[in-house]
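# Residue-level structure breakdown
Below are the chains, spelled out letter by letter.
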Amino acid sequence: MEQQPIRILQVLTIMNLGGAETMIMNYYRHVDRTKIQFDFLLHREERGFFDDEIESLGGKIYRMPAIAPQNYVKYKKRLNVFFNEHPEYTIVHSHLNALSSIILGIAKNKNIPTRIAHSHLAVEATVFQKIFKKNTDIKATLKDTIQSLIRQRVKKVATHYFACGQKAGDWLYGEKNKQSVTVINNAINASVFTYNPEKAKKLSKSLI
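This report concerns the structure included in the present document. Nothing here was measured: the structure is a model prediction, and the numbers come from that model. (Residues numbered from 1 in each chain as written. Predicted model: local features only at pLDDT ≥ 70, side-chain atom pairs only at ≥ 80, totals over all residues. Heavy atoms only, no water.)

### Observations concerning a nonpolar patch on the surface
Under the convention used in this document: For patch detection, residues must exceed 30% relative accessible area and be free of salt bridges, and they are connected within 9 Å for like charges or within 5 Å for nonpolar side chains (Val, Leu, Ile, Met, Phe, Trp, Tyr). The method behind every accessible area is Shrake-Rupley, applied with a 1.4 Å probe, and residues are considered shielded solely by the protein chains displayed. Salt bridge, as used here: a side-chain nitrogen of Lys or Arg that lies within 4 Å of a carboxyl oxygen of Asp or Glu. Only DSSP runs of H or I covering at least 4 residues are called helices, and only runs of E covering at least 2 are called strands; the numbering of each starts at the N terminus.
Nonpolar side chains collect at one region of the surface, where I188, V192 and F193 lie side by side and expose about 370 Å² of accessible area between them. Within the element layout of this structure, V192 appears in the loop between β7 (181–183) and α9 (197–206).

Have a look at this one:
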């Protein structure tokens, strides 16, 4: 009987052309998909830029409602149902920064053994003060404030701490946990940027 690949559930908002999304796709294109397969739990109903490519590579896409205070209880119920219906996932990799505490908390309750939190940002320490400044984007600032308040729980529910850089790791997991954080550099395909004299010549001609 042919061995099936390990399926890793990647948790994001929407697979558009963002930094974290592009980084994941760069890895996804190059992993041995006979051994490892990525599936995606997303939080928008509309299709994203990478959805077609994900499906062409054998990935499955599941959708959840956006995480918001007004639907928090309903969201947790739906996520519980999702994990009940999909016991095949033994690895959950959440890229939602502080909100990973919600997803990985439920994954922990479901006894999913490998729960990866991945920090992709570092919110400034003075985020609370910004609310009282002129020309402040209140919605964005409140979002950052909530992230700052709930990030502490991530350490308790994750089994592995990933970050795009040391500052991002310090913000989500605390500076005391430096040794536990694995920094995953944002991968790029360097060959795409290799100098090609023929292409350079054609581009020069087109600009004349």
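Now that the structure has been shown, the text picks up again.
### Points about the layout of surface pockets
Our working rule: We place a 1 Å grid over just the protein atoms. Points where a 1.4 Å probe fits but has no way out form a cavity, open points with protein on both sides within 12 Å along at least 5 of 7 lines form a pocket, and any residue with an atom within 4 Å of a point lines it. Grid points are joined across faces, edges and corners, and a volume is the space filled by probe spheres set on the points. Under the convention adopted here, Pro, Cys and the residues Ala, Val, Leu, Ile, Met, Phe, Trp and Tyr are nonpolar, Asp, Glu, Lys and Arg are charged, and Gly plus all remaining residues are polar.
Approximately 300 Å³ is the volume found for the second largest pocket. Around the second largest pocket, the lining is made up of 16 residues, and of these I8, Q10, F38, H93 and F162 lie nearest the centre. Of all the elements in the fold, those that place two or more residues in the lining of the second largest pocket are β1 (6–11), α1 (19–28), β2 (36–42), β4 (91–94) and β5 (114–119). Taken together, the residues of the lining of the second largest pocket break down into twelve nonpolar, four polar and no charged.

### Quick look at a positive patch on the surface
Our working rule: Neither His nor the chain ends contribute to the count of charged residues, in which Lys and Arg are positive and Asp and Glu negative. For the purpose of locating charges, the reference atoms are NZ of Lys, CZ of Arg, CG of Asp and CD of Glu. When a residue's accessible area, from a 1.4 Å probe over protein chains only, is under 20% of the maximum for its type it is buried; when over 50% it is exposed; and in between it is partly exposed.
A cluster of basic residues, K76, K108, R153 and K156, forms a positive patch at the surface. Tracing the backbone shows K108 in helix α4 (residues 100–109). The class for K108 is partly exposed, based on a relative accessible area of 38%.

### Things to note about the nonpolar core
Which entries qualify depends on this criterion: Remark: nonpolar core denotes a set of buried residues (Ala, Val, Leu, Ile, Met, Phe, Trp, Tyr, Cys) joined through side-chain atoms within 4.5 Å. For this analysis, residues touch if any pair of their heavy atoms sits within 4.5 Å.
By size, the foremost hydrophobic cluster in this structure holds 31 residues, and its most contacted members are L9, L41, L79, F83, V92, I103 and Y173. Elements that contribute at least two residues to this core include exactly β1, α3 (72–85), α4, α7 (154–157), β6 (160–163) and α8 (166–173). Per-element tally for this core: the top contributor is α4, with five residues. Excluding anything up to four places from it in sequence, L41 contacts L9, Q10, V11, L12, Y62, M64, L79 and F82. Core analysis: the second largest hydrophobic core is formed by 18 residues, M15, Y28, F40 and I61 among them.

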